[in-house]
Amino acid sequence: MLSRNERKELAFKYGYKTIGEFEEYMTMQRAVGDSSDSQPYSNTLAYPPQPDDSHPLMVEAEQRKLEAAKNEEEESDHEELDEKIESERLAAQDTLPTDQLLQVGGRILILPDDLLHRVFDFLPVDTYATLALVSPHWKSFTRTEAAYRRLCERLYLQQSKKRTLHVSRFGNSYRTMLEKRPRVRAGGGVYVIKYKQIKKIQRDMWTEIPHGAILESIYYRYLYFQEDGRVIYALTTTAPHDMFPRLRRVNLGYTEDAAAVWGRYQVSGRQVTVIAKQPWQYVKIVLTIQPINIHGRNGFLSFEEHLTSSNDEFNEHHVGTVRFEVPSEPFRFVADHRL
């Protein structure tokens, strides 16, 4: 209920050029947050507009890149600290009796590390980052090469076409591989693209649309990647705050959804190829993983190709293969703890 000038000042305050861009950003914030499906939920990273180079957010992203480069120079000091933390944790486990370990952290602390990693295999990869914030014990558990190797095996072996890690290319460090090798973010969220199109109104004697009206078509594409090489693809007019619970139910096998279909994907370098089968055709989407930006590491996929075919070969010389013009809008990763 604010005046136009107040809304304009508020939009400028948050780095948006127009009131419409700011209102769209606030609407997309409802995409994630609260665990209840009936209530809107928010996320400050949910689908902001793509800024130009002079945008404050892009300036901030450049600063983050410089900080990341500085952190790499200090990595050797961090490795010594990690080794010290790990040795202290192992020493504490050896000296404390079982009853005291149970009092400090419960039964889970007396389990061997290999068994703990098997337990966390059932949870999203981002769980390790959350676990590191709980206590020094869990911080050291998640910062070992064994943990990084486990994560790399989960993330890359199924996504890559060659099914190999080649850790030697990253200085024989699985931690470096996890930080630098491109991948898609599987679990914990969905890649979303919102596309708007102004349609031309066909006027005839039956047209009831008044003169001066604008007919706008809005639709969304969703890509919900899995660690095992599967992906849920959906093309629908349903907004994220309503679509995310539906994708979750499809993923858990509770129900089928008319807008969502299962497919496969592969990552080759920075290129991601998705092939999904709809009831009437096959769909092929080619994407490119972009570097670190305001959407986080590996949180930005540019749309390169979109083809459909009556079979899964996608031969452009075949009469059943159709190539579509792709929108300039990218896929942005929207995190949701329920996914």
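Our structure's up above, just so we're on the same page.
Residues numbered from 1 in each chain as written. Predicted model: local features only at pLDDT ≥ 70, side-chain atom pairs only at ≥ 80, totals over all residues. Heavy atoms only, no water.

(A) Quick look at the nonpolar core. L223, F225, Y265, V272, V274 and L287 are the most contacted members of the largest nonpolar core, which totals 22 residues. Top element by residues in this core is strand β6 (residues 282-289). It accounts for four residues. Leaving out residues up to four positions away in the same chain, F225 has contacts with V184, R185, A186, G187, Y191, R230, V231, Y265, V272, V274 and L301. By size, the runner-up hydrophobic cluster in this structure holds 20 residues, among which are Y128, V167, Y174 and M177. (Core = buried A, V, L, I, M, F, W, Y, C linked by side-chain atoms within 4.5 Å. Buried < 20%, exposed > 50% of the residue type's maximum accessible area, 1.4 Å probe, protein only. Helix = DSSP H or I, 4+ residues; strand = E, 2+ residues; numbered from the N terminus. Contact = heavy atoms within 4.5 Å.)

(B) Looking closely at the pairing of strand β7 (residues 300-309). Within β7, eight of the 10 residues are buried, which leaves the element mostly enclosed by the surrounding structure. Pairing of β6 with β7 involves eight bridges; the strand directions are antiparallel. In the strand pairing of β7, L287 is matched with F303. Bridge analysis of β7 against strand β9 (residues 331-335) gives two bridges, and the strand direction is antiparallel. Within β9, the position partnered with L301 by the bridge is F331. (Pairing = 2+ DSSP bridges.)

(C) Fine view of the layout of surface pockets. Taken as a whole, the second largest pocket spans an internal volume of roughly 520 Å³. Every residue lining the second largest pocket is counted, 22 residues in all, and those nearest its centre are L123, P124, G187, G188 and L339. Here the lining of the second largest pocket gets three residues from one element, more than from any other, and that element is helix α11 (residues 240-252). Partitioned by chemical class, the residues of the lining of the second largest pocket number eight nonpolar, five polar and nine charged. (1 Å grid on protein atoms, 1.4 Å probe; cavity = no way out; pocket = protein on both sides within 12 Å on 5 of 7 lines; lining within 4 Å. Points joined across faces, edges and corners; volume = space filled by probe spheres on them. Nonpolar A, V, L, I, M, F, W, Y, C, P; charged D, E, K, R; others polar.)

(D) Quick peek at the packing of aromatic side chains. Enumeration over the complete set of coordinates arrives at 11 aromatic pairs. Here the aromatic rings of Y191 and F225 are separated by 5.5 Å at their centres, their planes lie at 80°, and the arrangement is edge-to-face. Residue Y191 is located in strand β1 (residues 189-199), and its partner F225 is located in strand β2 (residues 215-225); the two are separated by 34 residues in the primary sequence. Exposure remark for Y191: the relative accessible area of 0% places this residue in the buried category. Residue F225 is classed as buried on the basis of its relative accessible area of 1%. Relative to Y222, the ring of Y220 lies with its centre 6.1 Å away and its plane at 25°, an arrangement referred to as stacked. With respect to class, Y220 is no different from Y222; both count as buried. These aromatic residues form a ring-pair network of at least three members: F120, Y128, W138 and F141. Here the basic side chain of R181 rests over the ring of Y156, its NZ or CZ set 4.5 Å away from the ring centre. Over the ring of Y282 we find K277; its NZ or CZ atom is 5.6 Å from the centre of that ring. (Phe/Tyr/Trp six-rings, centres within 6.5 Å; stacked < 30°, edge-to-face > 60°. Lys NZ or Arg CZ within 6 Å of the ring centre and 35° of its normal.)

Remember, this is a structural readout, not a statement about activity or role.
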